[in-house]
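Observations on the three-dimensional arrangement
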Amino acid sequence: AEEAAERLEALGVAPDLVVLSPLSRASETGMAWVRRHPEAAGLVETWDETAEMRFGAWDNVKVKDLPADSICHLFYLAQNALVRSAAPYTRPADGAAFESESFVQLLTRMGAVLDKLEARMAPLAAERAAAGKPPPLVLMYGHSMAGAALGVLTGNGKRVDGEGYLGFDGKYILPNATPVYLHRCR
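Presented here is an overview of the structure given in this document. Remember, it's a predicted structure, so these values are computed and weren't measured experimentally.

Examining the sheet that holds strand S5 (residues 138-141)
With respect to topology, 3 strands assemble into an open sheet ordered S2-S1-S5, the strand pairing being parallel. With one partner strand each, in any of the chains shown, strand S2 (44-46) and S5 form the two edges of the open sheet. Ignoring which end each strand starts from, the neighbouring axes of this sheet average 20° apart.

Dropping the structure here:
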């Protein structure tokens, strides 16, 4: 968390909103940066819908530890965006259960997050545009699959072997705790 805060610190950002996933690994990473900027404490919001993909029975399980005939291998090894676990995801913090989701379902959820952000920031963006100022900046602390979904939705893939990709797993995934600018244009 502190290393990620240092990398973000080097960018010299001044956000208008800081959105945290409700899951501890992302929220703790975000709060490491916020603690360095007490003036930003009032800009912090936790949005449940920014949580990591709901893997169900596959959550926190290594692919190599799953049976060879498990459908999960279609997701992890073949990048099948429609595959999902039959078992629900249970949030560790409070035991709340959620239906597991496929990557396509995650794309839908993260699309709604982008719509919410756009609606939320539109008045400030219009005000700044009229004044000739830069648009609002939002910091979102989330997770690799949720970040990959945002990358696909905004057309910001990862560069692998000199090529740009919009993949969602394996070598195409966004690295953990790395600040990435996502710009969405309609």
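That covers the picture; the talk isn't over yet.
Some thoughts on the packing of helix H1 (residues 2-11) against helix H2 (residues 24-36)
Helix packing geometry: the angle between the two helix axes and the distance between the axes. The interhelical angle for the contact between H1 and H2, taken along N-to-C directions, is 55°, at an axis separation of 8 Å. The angle between H1 and H2 places the two elements in the oblique class. By crossing handedness, the relation of H1 to H2 is classed as right-handed. Note on element contacts: H2 touches H1 through Thr-29, Ala-32, Trp-33, Arg-35 and Arg-36, opposite Glu-2, Ala-4, Ala-5, Glu-6, Leu-8 and Glu-9. When the residues that make up the contact of H1 with H2 are grouped by side-chain class, the tally is 5 nonpolar, 1 polar and 5 charged.

Here's the deal with the pairing of strand S1 (residues 17-20)
Residues Leu-17 and Val-19 line one face of S1 and the alternating positions Val-18 and Leu-20 line the opposite face, and both faces are buried. Bridge analysis of S1 against S5 gives 4 bridges, and the strand direction is parallel. Looking at S5, one finds that Val-19 is bridged to Met-140. In terms of strand pairing, S1 meets S2 through 3 bridges, oriented parallel. Counterpart to Leu-20 in the pairing with S2 is Thr-46. Between the parallel elements S1 and S2, the chain passes through H2 in a crossover that is right-handed.

Parameters at a glance
- Positions within a chain are numbered from 1, following the residues in the order the chain's sequence is written.
- Under the rules for a predicted model, residues below a pLDDT of 70 receive no local features and side-chain atom pairs below 80 are neither given nor counted, while totals for whole chains, interfaces and linings still include all residues.
- To obtain the side-chain values, all non-hydrogen atoms of the structure were included, while hydrogens and water were left out.
- What makes two strands pair is DSSP finding at least two bridges between them.
- Strands are runs of DSSP state E lasting at least 2 residues, helices are runs of H or I lasting at least 4, and numbering of each runs from the N terminus.
- Whenever a helix is involved, its axis is fitted only over the stretch in contact; in every case the axis is a line through C-alpha atoms, and angles between N-to-C directions fall within 0 to 180 degrees.
- Here the angle decides the label: under 35 degrees means roughly parallel, over 145 means roughly antiparallel, 65 to 115 means roughly perpendicular, and every other value means oblique.
- In a left-handed crossing the near helix is turned counterclockwise from the far helix by less than a right angle, and in a right-handed crossing that turn is clockwise.
- Contacts are assigned to residue pairs that have any heavy atoms within 4.5 Å of one another.
- Under the grouping applied here, Gly and all other residues not named as nonpolar or charged are polar, the nonpolar ones being Ala, Val, Leu, Ile, Met, Phe, Trp, Tyr, Cys and Pro and the charged ones Asp, Glu, Lys and Arg.
- Buried, partly exposed and exposed residues are distinguished by accessible area as a fraction of the type maximum, computed with a 1.4 Å probe on protein chains only: under 20%, between the cut-offs, and over 50%, respectively.
- For the handedness criterion, the strands are oriented away from the viewer, and a crossover whose path from the first strand over the helix to the second runs clockwise is classed as right-handed.

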